[in-house]
2 protein chains.
Amino acid sequence: MPTNRSYRDSCGMARALDVVGERWALLVVRELLLVPQRFSELRHALPNASSNLLADRLRELEHHGVIHRRKLATDSGPQVYDLTAWGRKLEPIVLALCDWGIDAPNPPEPSSLSATSVLIFLRDHARPDPAAPPYVCRLDLDGSIWTVSVDIGKVQVEYGEPPKADISLRTTPKTLGNLLANPAELDAALADGSATLVGDLQTLTWLLSGG
Amino acid sequence: MPTNRSYRDSCGMARALDVVGERWALLVVRELLLVPQRFSELRHALPNASSNLLADRLRELEHHGVIHRRKLATDSGPQVYDLTAWGRKLEPIVLALCDWGIDAPNPPEPSSLSATSVLIFLRDHARPDPAAPPYVCRLDLDGSIWTVSVDIGKVQVEYGEPPKADISLRTTPKTLGNLLANPAELDAALADGSATLVGDLQTLTWLLSGG
DNA sequence: CCGCATCCGATTGGATACTG
DNA sequence: CAGTATCCAATCGGATGCGG
């Protein structure tokens, strides 16, 4: 059952926290920043949140107008959760909190890392050489396909298959997170199969080493 | 007893919420944005938080390096809580959340409003006429004295007695909040004594009507 | 008073099992 | 797949106690 408690404080901050201050709420918002997601995808992205809690949060966030349910492909097809216009305005706040939290102590192991999390980190923290030629990377994370485009030092991340890719990488979000923190481990990851590359190794090195 | 739970998610956002995601934590940070405060002042500013919870949060925030205790006036005198350098970096995030929350439904009545909350709102949302002459307002909120300086359309808020004030206003945070939302009620507030003005009425009207 | 600590009933969160 | 139902532990909120 969804919660109903309030800080009973007129300040905008307290009213914001009445809406997105409950546990897991802002992590759901983070998950929806790059692409609308289904219930099971959110469960996979937030494995430490129990299903009843996730259902409660989704109901609350929908009730408060932060997210809404809709059908993919107009009418038929699976249902996904997406941010509303108001919910989308949380994006800079969520990104700023991501930055701030980087200086916090690491969480206890084992810890999860969703595809969305690592792609946001890649997009906002990679500093690819602006002099390098533009390229497109097809990224397969846990079976979901993403398009990472790099041009003039800018990184763009989109959900879905690229029309044409220069290189293709298949790995897990956690491995990619480790590689961004420590690009020197790339050779080892390719050797033991935790990452698979098709295309030019140097291009991938450019992408990773900028993080 | 302070909590110890974690999202066990490596994303910066989750690690940030491991630190400031517990209930009341960000409201404590908000309270400390303008001036360090004592335990009893924080209790008064956050009347809906129980004392044990507030003590727990202060301990946790101190342990995580967001706030620290210190003595006023070097060594002796009362103890206050203040933001650390890392905690201070939350300021833009807190202010952005304040803005975002303004579009949320109002909390159930009765609802509190601290001096810090209303002063932050005044500072960041008042749009005084840039052509008006500069002035200084001495503000007495619940017995605490603040200095509000307006110059070229910019509002500055500081804790403490102004060296010299053009006008002086005494009221409560809640009344001031109402006046900022509805400046037309100023006459009524002055008439029924919920606000007391010394100085030029037009100057105060300028300040309020910009919100 | 100030600065908490203790106790306790009411909610909420987390883990697991289950259903349409 | 998309959630419910259930149960128990942790947390919250409110009242009270207590030394300085």
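Bear in mind that the values here come from a model prediction, so they are computed numbers and not experimental data. (Residues numbered from 1 in each chain as written. Chains lettered and ligands numbered in written order. Predicted model: local features only at pLDDT ≥ 70, side-chain atom pairs only at ≥ 80, totals over all residues.)

K.L.:
I'd like a rundown of the interface of chain A and chain B, residues and numbers included.
P.N.:
Accessible area lost when the parts come together is the quantity often used to give the size of an interface. In this complex, chain A contributes 41 residues to the contact, which on the side of chain B involves 41 residues. Going through the elements one at a time, helix 1 (12-20), helix 2 (25-31) and helix 6 (91-101) of chain A are the ones with two or more residues in the side of chain A that touches chain B. In terms of residue count, the dominant contributor to the side of chain A that touches chain B is helix 6 of chain A (nine residues). Of the residues in the side of chain A that touches chain B, the class split is 24 nonpolar, nine polar and eight charged. (Contact = placed C-beta atoms within 7 Å. Helix = DSSP H or I, 4+ residues; strand = E, 2+ residues; numbered from the N terminus. Nonpolar A, V, L, I, M, F, W, Y, C, P; charged D, E, K, R; others polar.)

K.L.:
Break down the relation of the copies chain A and chain B for me, with residues and values.
P.N.:
Least-squares fitting of chain A to chain B yields an RMSD of 0.0 Å, with the transformation described by 0.0 Å of translation along the axis and a rotation of 180°. Look at the turn and shift together and you get a two-fold axis relating the two. Distance from the rotation axis, computed per C-alpha, reaches its smallest value in chain A at Ile-93 of chain A: 3.0 Å. (Least-squares fit on C-alpha atoms with pLDDT ≥ 70 in both.)

K.L.:
Hey, could you go over the protein's contact with DNA strand D for me, with residue numbers and the actual values?
P.N.:
Near DNA strand D lie 20 residues; those nearest to it are Ser-40, Ser-51 and Asn-52 of chain A together with Thr-3 and Ser-50 of chain B. Listing elements by their share of the surface near DNA strand D, those giving two or more residues are helix 3 (39-45) and helix 4 (51-63) of chain A together with helix 4 (51-63) of chain B. Across the surface near DNA strand D, the residue classes tally to five nonpolar, ten polar and five charged. (Near = placed C-beta within 6 Å.)

K.L.:
Provide a residue-level description of helix 10 (residues 201-209) of chain B, including the pertinent values.
P.N.:
All names here are of chain B. All buried positions along helix 10 are accounted for by Leu-204, Leu-207 and Leu-208. Projected onto a plane normal to the axis of helix 10, the buried residues spread over an arc of 95° and lie on a single side. Along its buried surface, helix 10 packs onto strand 3 (135-141), strand 4 (144-151), strand 6 (167-171), helix 8 (173-181), helix 9 (186-191) and strand 7 (196-198). (Buried ≥ 20, exposed ≤ 12 C-beta atoms within 10 Å, placed from the backbone. Arc of directions from axis to C-beta.)

K.L.:
Residues and numbers for the packing of helix 7 (residues 115-125) of chain A against helix 8 (residues 173-181) of chain A, please.
P.N.:
All names here are of chain A. Between helix 7 and helix 8, whose axes approach to 9 Å, the crossing angle comes to 25°. By the angle between their axes, helix 7 is roughly parallel relative to helix 8. Relative to helix 8, helix 7 is oriented so that their crossing is left-handed. Each of Ala-115, Ser-117, Val-118, Phe-121 and Leu-122 in helix 7 lies in contact with helix 8, whose residues at this interface are Pro-173, Leu-176, Gly-177 and Leu-180. (Axes fitted to C-alpha atoms, helices over the stretch in contact; angles between N-to-C directions. Parallel < 35°, antiparallel > 145°, perpendicular 65-115°, else oblique. Left-handed = near helix turned anticlockwise from the far one by under 90°.)

K.L.:
Outline the sheet that holds strand 3 (residues 135-141) of chain A, supporting the account with residue identities and numerical values.
P.N.:
All names here are of chain A. Overall, mixed pairing links the five strands, which are arranged 5-4-3-6-7 in an open sheet. Each edge of the sheet is formed by a strand with only one pairing partner; in this case those strands are strand 5 (154-159) and strand 7 (196-198). Here the average twist between neighbouring strands, direction ignored, is 20°. Two elements, strand 3 and strand 4 (residues 144-151), share seven bridges in a ladder whose sense is antiparallel. Bridge pairing in strand 4 places Val-136 opposite Ser-149. Docked against the sheet, helix 7 engages strand 3, strand 4 and strand 5, running at close to 155° with respect to strand 5. (Pairing = 2+ DSSP bridges.)

K.L.:
Provide a residue-level description of unusual backbone geometry, including the pertinent values.
P.N.:
Cis geometry marks the peptide bond from Glu-109 of chain A to Pro-110 of chain A, where omega comes out at 0°. Here Pro-110 of chain A is to be found in the loop between helix 6 and helix 7. You will see that Trp-24 of chain A, though not glycine, has its phi angle at about 80°, which is positive. Here Trp-24 of chain A is to be found in the loop between helix 1 and helix 2. Of note, the phi angle at Ile-152 of chain B is positive, near 50°, even though the residue is not glycine. As for its position among the elements, Ile-152 of chain B is in the loop between strand 4 and strand 5 (154-159).

K.L.:
How would you summarise the protein's contact with DNA strand C if you had to cite specific residues and measurements?
P.N.:
Taken together, 20 residues lie near DNA strand C, and Thr-3 and Ser-50 of chain A together with Phe-39, Ser-40 and Asn-52 of chain B sit nearest. Those elements that place two or more of their residues in the surface near DNA strand C are helix 4 of chain A together with helix 3 (39-45) and helix 4 of chain B. Across the surface near DNA strand C, the residue classes break down as five nonpolar, ten polar and five charged.

K.L.:
Kindly report on the pairing of strand 6 (residues 167-171) of chain A, identifying the contributing residues and their values.
P.N.:
In this structure, strand 3 of chain A lies alongside strand 6 of chain A, joined through five bridges in parallel fashion. Residue pairing in the sheet places Asp-140 of chain A in a bridge with Arg-170 of chain A of strand 6 of chain A.

K.L.:
Could you give an account of the packing of helix 6 of chain A against helix 6 (residues 91-101) of chain B, naming the residues involved and the relevant values?
P.N.:
Helix 6 of chain B packs onto helix 6 of chain A with a crossing angle of 160° between their chain directions and a minimal axis gap of 10 Å. The orientation of helix 6 of chain A relative to helix 6 of chain B falls into the category roughly antiparallel. Two packed elements cross with a definite hand, and for helix 6 of chain A against helix 6 of chain B that hand is left-handed. Where helix 6 of chain A approaches helix 6 of chain B, its residues Pro-92, Ile-93, Ala-96, Leu-97 and Trp-100 of chain A are matched on the opposing element by Pro-92, Ile-93, Ala-96, Leu-97 and Trp-100 of chain B. Residue composition of the contact of helix 6 of chain A with helix 6 of chain B, by class: ten nonpolar, no polar and no charged.

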